[in-house]
Amino acid sequence: MKYKSTRGQVSGIGFTEALLMGLASDSGLLVPESIPDVRPHLQAWRKLGFVELAQKILPMFIDDIEPDVLHRLIQESYATFDHPDVVGWKQLDDMVVLELFHGPTLAFKDVALQLLGKLFEHVLGERGQKLNILGATSGDTGSAAIAGVRGQKNVDIFILYPHGRISPLQELQMTTVADDNVHCISVDGSFDDCQSLMKTIFADADFKAKYDLGAVNSVNWARVMAQIVYYAYASLRTDQAANFAVPTGNFGNVFAAYLAHQMGFPIANLLLATNENDILARFFQSGEYSRGEVHQTLSPAMDIQVASNFERFLYYYFDQDSTRLCEFMSEFNTTGKASIGGPPTDDLFTAVAVGREETLAAMAEAKDNYDYILDPHTAVGYAAIKVQVGGLSAPRICIATAHPAKFPDAVIEATGITPTHPSLEALSGLPVRKGHIDANIEAVKEYLAARV
Ligand SMILES: *Cc1c(COP(=O)(O)O)cnc(C)c1O
């Protein structure tokens, strides 16, 4: 499989190159040159477990790693999950909660980042190359990225996070990792400051090349690819075509569902669920993509206004017409809004924005009716199903993106219960390592230069 950019200036690049490139060099996002058709295999694949299915799907997108090596890397990536079939399947009446949080950091990002870590280790080892990963996090991405590469000899990872503005548990998940290739940097500033520092550094081509900088944010194609597997897996476990409710921030998770559908997996509807940061819900209702204010909500991993993966969806919506896509993106970047002229004609998606009270009510309802504790992100998807019940027919699958113990404050507020998990309890009292810098570009550069 070869990859090309949504912006049309990059094409014909192999998987491993796409993995290391992250954002395409023309500032577009990488997508496969063609989408594999799995329909001839569906019958045979129905009986497969999660890892077995990953062993069928991922090689369709990766043809420049030897098959037996790839097989081993996939096996090792999912051996770190504490569920026998990697993902959990929880039936609550006529709804299934698909639990994606059984990885080392208890959020769905582990599904992709455990694999990414193994892929980096192998590819860098083969090429005799070093990579310095630089990332910014508002919580979950940093710890999952660190868990993917800790202890590797060809990778150092530097994670910027806003001082005092991520939860104490999320901070401990990063700063208690003892491996010396891990560097956590608390920045005097907001998450936006961290992100703009990271973008400024990546835009400095000389610095980036000199220090072998790489990225693991959700624009990396390999992350989307890894996420296709759980949609495929779930769609093959239901009798009829599956409907998914997906709590959405950057559109990465739900874009993987879209691709699974395009590949021919039996998926009927995707219910995109946002919190009060509703730019995507508004787009699917009106066709207008317009930036709003960022609101702080109970589901901080979805407090995003501009969804970086949305460009991939638009590219396919525009029939892979890069010129049209570039016009749309440039209008959006200059004016803060752009429109496709009316609601998308594609009836695969429906979209709902869920507010604070509905989120808390969903958590209370799941606890009262099923004795089941939802995290506040999953609760947004659950609430969307309840609102949309006439529109989303069975089988309904709610994507569960985090373990409730990662977000105890919201859970306590909604249910009165303090959620726990042994791996989080084990963090208290461990030694902590972190750096602390001002939110300016020279400080970040000095920090990196002193340690690379
Ligand atoms: C990252 C994250 C999301 C949002 O995922 P996107 O791919 O950005 O849509 C939702 N829930 C949790 C817990 C997350 O960590």
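In the block above lies the structure referred to throughout.
To keep things clear, this report deals only with the structure shown in the data block. (Residues numbered from 1 in each chain as written. Predicted model: local features only at pLDDT ≥ 70, side-chain atom pairs only at ≥ 80, totals over all residues. Heavy atoms only, no water.)

### Overview of the overall build of the chain
Looking only at helices and strands, the chain features 19 helices and 15 strands. Along the three orthogonal principal directions, the C-alpha set of the chain runs to about 60 × 50 × 50 Å. Counting only residues that meet the buried cut, the chain has 60% of its 452 residues in that class. Across the chain, every contact between residues at least 6 apart in sequence was considered, and the portion connecting residues at least 24 apart equals 74%. (Helix = DSSP H or I, 4+ residues; strand = E, 2+ residues; numbered from the N terminus. Buried < 20%, exposed > 50% of the residue type's maximum accessible area, 1.4 Å probe, protein only. Contact = heavy atoms within 4.5 Å.)

### Considerations on the sheet that holds strand β8 (residues 213–214)
Taken in spatial order, the 5 strands of this open sheet run β8-β5-β6-β7-β15, and their pairing is parallel. Of all the strands in the sheet, just β8 and β15 (435–438) have a single pairing partner and so form its edges. Alignment of strand β7 (residues 182–188) against β15, held across 4 bridges, turns out to be parallel. Across the sheet, Asp188 pairs through a bridge with Asp438, a residue of β15. Sitting on the sheet, helix α8 (residues 191–203) is in contact with β5 (131–136), β6 (155–162), β7 and β8, with an inclination near 145 degrees to β5. Along the sheet, helix α19 (residues 441–451) makes contact with β5, β6, β7 and β15, crossing β15 at roughly 145 degrees. (Pairing = 2+ DSSP bridges. Axes fitted to C-alpha atoms, helices over the stretch in contact; angles between N-to-C directions.)

### Notes on helix α15 (residues 356–370)
The first and last C-alpha atoms of α15 sit 21 Å apart over 15 residues, in line with the 21 Å expected at 1.5 Å per residue. If you check which residues of α15 are buried, you get Thr359, Leu360, Ala362, Met363 and Ala366. The buried residues of α15 occupy one face: seen down the axis, they fall within an arc of 155 degrees. In α15, those exposed residues whose orientation departs by more than 90 degrees from the buried face are Glu357, Asp368 and Asn369. In this structure, the buried side of α15 is in contact with α16 (376–387) and α17 (408–415). Positive phi shows up at Asp371, right after α15, with a value of about 55 degrees. (Expected span 1.5 Å × (residues − 1). Arc of directions from axis to C-beta.)

### Concerning the site of the ligand
Around the ligand, a shell composed of 14 residues is seen, among which Lys109, Asp140, Gly249, Asn250 and Thr401 lie nearest. Interatomic distance of 3.4 Å between a backbone N/O atom of Gly252 and an oxygen atom of the ligand. Residue Asn253 places a main-chain N or O atom 3.0 Å away from an oxygen atom belonging to the ligand. Expressed as a share of its isolated accessible area of 390 Å², the protein-covered part of the ligand is 96%. (Near = heavy atom within 4 Å. Polar contact = N/O pair within 3.5 Å; in protein donor to acceptor, adjacent residues only side chain to side chain. Areas by Shrake-Rupley, 256 points an atom, 1.4 Å probe, with all protein chains shown as cover.)

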